[in-house]
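This is what each chain is made of:
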Amino acid sequence: MVMKSLLFFGSIVLAAGACYGLYKLFDELSCEENEDDFDDNKDIIKAPYDEESYGAAVTKEWIINKSRELFNNTKAKKISIMDLNNINSLKYKLNKYINEGFDYAIVLMDEYDKIFRIEVVKNLLSTDEEVNQLLGEEHMLVINA
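Residues numbered from 1 in each chain as written. Predicted model: local features only at pLDDT ≥ 70, side-chain atom pairs only at ≥ 80, totals over all residues. Heavy atoms only, no water.

Another aspect to go through is the environment of M109. Structurally, M109 is set in strand 3 (residues 104–109). Residue classification places M109 among the buried positions, given a relative accessible area of 2%. Sequence separation of M109 and K78 is 31 residues, and the distance between their C-alpha atoms is 5.2 Å. (Helix = DSSP H or I, 4+ residues; strand = E, 2+ residues; numbered from the N terminus. Buried < 20%, exposed > 50% of the residue type's maximum accessible area, 1.4 Å probe, protein only.)

The subject of this paragraph is the nonpolar core. W62, I63, I79, I106 and V121 are the most contacted members of the largest nonpolar core, which totals 20 residues. Every element with two or more residues in this core is listed here: strand 1 (50–56), helix 3 (60–73), strand 2 (78–83), strand 3, strand 4 (115–123), helix 5 (129–135) and strand 5 (140–144). Residue contributions to this core peak at four residues, all from helix 3. Beyond its immediate chain neighbours, meaning those up to four positions away, I63 contacts V58, I81, V131, L134 and L141. Judged by nonpolar contacts, the second largest core, of 16 residues, contains L84, I87, I98 and M140. (Core = buried A, V, L, I, M, F, W, Y, C linked by side-chain atoms within 4.5 Å. Contact = heavy atoms within 4.5 Å.)

Helix length check: helix 3, at 14 residues, gives a terminal C-alpha distance of 20 Å against a target of 20 Å (1.5 Å per residue), a fit within 8%. Inspection of helix 3 places W62, I63, I64, K66, S67, L70 and F71 among the buried residues, and these make up the whole buried set. (Expected span 1.5 Å × (residues − 1).)

Another aspect to go through is the sheet that holds strand 3. Reading across from one edge, 1-4-3-2-5 is the order of the five strands in this open sheet, with mixed pairing throughout. Only two strands of the sheet have a single partner each, and these edge strands are strand 1 and strand 5. Pairs of neighbouring strands in the sheet enclose a mean axial angle of 15°, with direction left out of account. In terms of strand pairing, strand 1 meets strand 4 through seven bridges, oriented parallel. The partner of A56 across the bridge, within strand 4, is N123. (Pairing = 2+ DSSP bridges. Axes fitted to C-alpha atoms, helices over the stretch in contact; angles between N-to-C directions.)

Let's shift gears to the pairing of strand 2. Of all six residues making up strand 2, six are buried, and the element is well covered by its neighbours. Judged from the six bridges that link them, strand 2 and strand 3 form a sheet pairing that is antiparallel. Within strand 3, the residue paired with S80 across the bridge is V107. Across five bridges, strand 2 lies against strand 5 in antiparallel orientation.

By the element assignment, K66 lies in helix 3. For K66, a relative accessible area of 12% translates into the label buried. Apart from residues no more than four positions distant in its own chain, K66 is found in contact with Y54, I106 and E119.

Here the focus is the packing of aromatic side chains. For the structure shown, the criterion picks out one aromatic pair. Judged by centre distance (5.8 Å) and plane angle (85°), the ring pair of Y97 and F102 falls under edge-to-face. The exposure class of Y97 is buried, given its relative accessible area of 8%. Here the basic side chain of K75 rests over the ring of F116, its NZ or CZ set 4.9 Å away from the ring centre. In this arrangement the basic side chain of K122 is found over the ring face of F102, its NZ or CZ atom lying 4.9 Å from the centre. (Phe/Tyr/Trp six-rings, centres within 6.5 Å; stacked < 30°, edge-to-face > 60°. Lys NZ or Arg CZ within 6 Å of the ring centre and 35° of its normal.)

Honestly, it's all geometry; don't read function into it.
The following block contains the structure:
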């Protein structure tokens, strides 16, 4: 069990560099939108991927179990978990969800780093310090399969 945990978290450490790349990708996407053209009546996210929103008790264990579930049951090769309240480049893209009280986004990417699904999660618990440590200074965690 300890060895599996070490291997799992070892892959997380190796993926830390990918965090910055994903952050820059979302930063570029958000810069393409002109905030003057914002229309509250339309969905903010317009792309050919699935969206899902739900509430969960977000803990370190939940993140580990959810990641395993997504890798086992989807075509995901990379998963990014982001704290919506602390990533400024996403505030415009996901404003609808932030205003509705959602706290985290889980982005699933295929082997070509193409996003095919985004899940937004409302945390049903108070902020867990272990989750903050897991997400780190970037408020984002990228996990490779």
